[in-house]
Each structure stands twice: as structure tokens, then as C-alpha cells.
Amino acid sequence: MAENFEKLECWKSCNELKLFIRQEILPKLPKNERYELYSQILRASRSATANIAEGWGRYHYKENIKFLFNARGSVAEILDHSLEAYSCNYISGETLREIRDKTDSCIRLVNGYIRYLRKQNAEQ
């Protein structure tokens, strides 16, 4: 297991997604979305990394996995909010494709970490 959650590939990937959202998505949203879509997508991006960190800090594998499921849900929520932003013409198709690629990568890495933890738990 990683010595720190910051070393986890799934956390790194979700953190990159969060930074991309801050730099490429949030500035493009109109002011009238400040407390709606803006807030929701920002909270979901923060939640993904925070859940990975919290799960890592838990003592038991099952608890860690529970938080990884939450992180995976937050990543899916980011994609949903991005689809909304695209349908409202706030972001381009190219930006949406980048979000899809990044969310797919995050989910693959979170799923891989879940598999790893389940295997470690089975070996005990």
C-alpha cells in the first residue's frame, strides 16, 4: 500500500481532473451558474480526491473500498455536469472529449485500486 494517498495513481489522476476543471471549465461558466452548476462541479471534483484520501486513511480494506466507490460516483457526477455544460453551450465538444478521457482514466484507476484492495483482503 502507498505510504501516502498522494502516491496513489487514482488520486493523482483525480487531482489532475480537478485542476483541469478549475482551469478549463469553471472560468467558462456564466455568472448565473455560480451557485448552481459551478458549485456542483467544483464540489464533485473536490469530493473525488477527498474520498480517495479519506479511504486511504481508514484502517480496514472494506472501509477504504466504500470511500473509493464514493470517489467513483463523484467522477461520474463530474461527467454528468460536463454533459450539462456542453448542452448549454458553456464548453466545446473538444473540452467535453477531454473530460470524458480524464473521467474514464480516473474510473479505470479507481477500479484497479478497488481490485487491488480486494485481492489484498482475500490474501489475509
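Each remark here, short or long, concerns the structure printed above.
Rules used throughout
Residues numbered from 1 in each chain as written. Predicted model: local features only at pLDDT ≥ 70, side-chain atom pairs only at ≥ 80, totals over all residues. Heavy atoms only, no water. Axes fitted to C-alpha atoms, helices over the stretch in contact; angles between N-to-C directions. Helix = DSSP H or I, 4+ residues; strand = E, 2+ residues; numbered from the N terminus. Parallel < 35°, antiparallel > 145°, perpendicular 65-115°, else oblique. Nonpolar A, V, L, I, M, F, W, Y, C, P; charged D, E, K, R; others polar. Buried < 20%, exposed > 50% of the residue type's maximum accessible area, 1.4 Å probe, protein only. Phe/Tyr/Trp six-rings, centres within 6.5 Å; stacked < 30°, edge-to-face > 60°. Lys NZ or Arg CZ within 6 Å of the ring centre and 35° of its normal.

Student: Can you walk me through the packing of helix α3 (residues 61-87) against helix α4 (residues 93-123) in this structure?
Tutor: Relative placement of two packed helices is described by the angle separating their axes and the distance separating the axes. Interaxial distance between α3 and α4 falls to 10 Å at its minimum, and their mutual angle equals 170°. With respect to α4, the element α3 is oriented roughly antiparallel. Of the residues that constitute the contact of α3 with α4, the class distribution is 17 nonpolar, 7 polar and 4 charged.

Student: Teacher, can you tell me more about unusual backbone geometry here?
Tutor: Across residues other than glycine, the phi torsion is negative in most instances, and most of the peptide bonds are trans. Notably, Asn89 is not glycine yet its phi reads approximately 65°, a positive angle. Note on placement: Asn89 falls in the loop between α3 and α4. Note on Asn89: relative accessible area 68%, which makes it exposed.

Student: Please explain the packing of aromatic side chains as it appears in this structure.
Tutor: A ring pair, where both rings are aromatic, is described by two values, the distance of the centres and the angle of the planes. All told, the structure shown has 3 aromatic pairs when counted by the stated rule. Ring centres of Tyr113 and Tyr116 lie 6.2 Å apart, and the angle between their planes is 15°; this geometry places the pair in the stacked category. Here Tyr113 and its partner Tyr116 are both found in helix α4, 3 residues apart, which amounts to about one turn of the helix. Take Tyr113: its relative accessible area is 8%, and that puts it in the buried class. Following the ring pairs from residue to residue traces out a cluster consisting of Phe5, Trp11 and Trp56. Above the plane of the ring of Tyr38 lies Arg34, whose end atom (NZ or CZ) is 4.2 Å from the centre.

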